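What follows is the residue order along each chain.
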Amino acid sequence: MRLLIMGAPGAGKGTYAEGISKHYGIPHISTGDIFRQAMQEETPMGILAKSFIDKGNLVPDDVTNKIVKERLSKVDCLDGFLLDGYPRTLQQAEEFEKTLKELDLKLDAVINLVVDESLIVSRIVNRRICPTCGKGYNLVTLKPIKEGYCDVCGSELYQRKDDNEETIKSRLSVYNEQTKPLINFYEERKVLLNLNGEGNAKEVTECIISTLEEIK
Ligand code: AMP
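The shown structure was predicted, so the numbers you read here are calculated from the model rather than taken from an experiment.

Q: Quick question: what am I supposed to make of the side chain of Thr89 here?
A: Within the element layout of this structure, Thr89 appears in the loop between β3 (81-84) and α5 (90-102). Not counting the four nearest positions on each side in its chain, Thr89 is found in contact with Leu58, Asp61, Gln178 and Leu182.

This is the structure we're talking about:
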């Protein structure tokens, strides 16, 4: 399976992607995670990315396209992948199409998570993440068993610096202006699946997988 998962910030891309990639045994490639890792390691790319991410803006297309192209060329992507959070602009989508052509690969489906904007802010401000294994939690809908600590590896959970009400406003307007047009782009290519992202993690993941099974 070669898949993309897209949706507004807080739509649950990372949470559902985790279950889908496990189910199909394909790598879950999140550009946001790649940037956060680089920021933590303070690499030159991480330092550059931080200056955009902390303000709720997108990292420039040329930087983002390059890291995705490099990642997709790795051997673990030969049998498929799930890209989460990429592409986010029309330029990225066009560049991605070129990359797929060069690698002689075909996209199977684009999962577009549909979530009402009123839910998004509460989902984002309540989001917590494990710095070690990357598992995501929600203080209301997906609480860890022991408050503040990861169920899987026991690390202390953290809140992303860009998960605050101020930054969310710019992330949402960036999404509406730059990423939403990709819905049409992939609709025209007949690979778009619009799926409701509002249920709990287990229900939504199962619904996505059963829809993907139908198109296999
Ligand atoms: P995410 O974890 O997907 O919410 O991404 C966190 C932040 O990383 C975004 O708000 C952007 O600033 C940046 N980012 C992630 N993916 C991309 C992308 N495809 N293009 C540009 N910036 C991105």
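Q: Sorry, what's going on with the site of the ligand here?
A: Neighbouring residues of the ligand: 16 residues in total, closest Thr31, Asn57, Gly85, Arg88 and Gln92. Between the ligand and Arg36 there is a distance of 2.9 Å, counted from an oxygen atom to a side-chain nitrogen or oxygen. Contacts to the ligand include Val59, whose backbone N or O atom sits 3.0 Å from a nitrogen atom. Out of a free accessible area of 480 Å², the ligand has 96% covered by protein chains. Looking at the shell around the ligand element by element, the count peaks at four residues for helix α2 (residues 31-41). In the shell around the ligand, the residues fall into five nonpolar, six polar and five charged.

Q: How should I be thinking about the packing of aromatic side chains in this particular structure?
A: For any pair of aromatic rings, the description rests on two quantities: the centre-to-centre distance and the angle between the ring planes. Within the structure shown, the criterion is met by two aromatic pairs. A ring pair is formed by Tyr86 and Phe96, whose centres lie 5.7 Å apart and whose planes are at 90 degrees; its orientation type is edge-to-face. You can see Tyr86 sitting in the loop between β3 and α5 and its partner Phe96 sitting in helix α5, a full ten residues away along the chain. Centre to centre, the rings of Phe185 and Tyr186 are 4.9 Å apart; their planes meet at 80 degrees, and the pair counts as edge-to-face. Across the pair, exposure class does not vary: Phe185 and Tyr186 are buried alike. Positioned above the aromatic ring of Tyr137 is the side chain of Lys135, whose terminal nitrogen or guanidinium carbon lies 5.4 Å from the ring centre. We note Arg189 situated over the ring of Phe185; from NZ or CZ to the ring centre the distance is 3.6 Å.

About the cut-offs
Residues numbered from 1 in each chain as written. Predicted model: local features only at pLDDT ≥ 70, side-chain atom pairs only at ≥ 80, totals over all residues. Heavy atoms only, no water. Helix = DSSP H or I, 4+ residues; strand = E, 2+ residues; numbered from the N terminus. Contact = heavy atoms within 4.5 Å. Near = heavy atom within 4 Å. Polar contact = N/O pair within 3.5 Å; in protein donor to acceptor, adjacent residues only side chain to side chain. Areas by Shrake-Rupley, 256 points an atom, 1.4 Å probe, with all protein chains shown as cover. Nonpolar A, V, L, I, M, F, W, Y, C, P; charged D, E, K, R; others polar. Phe/Tyr/Trp six-rings, centres within 6.5 Å; stacked < 30°, edge-to-face > 60°. Buried < 20%, exposed > 50% of the residue type's maximum accessible area, 1.4 Å probe, protein only. Lys NZ or Arg CZ within 6 Å of the ring centre and 35° of its normal.

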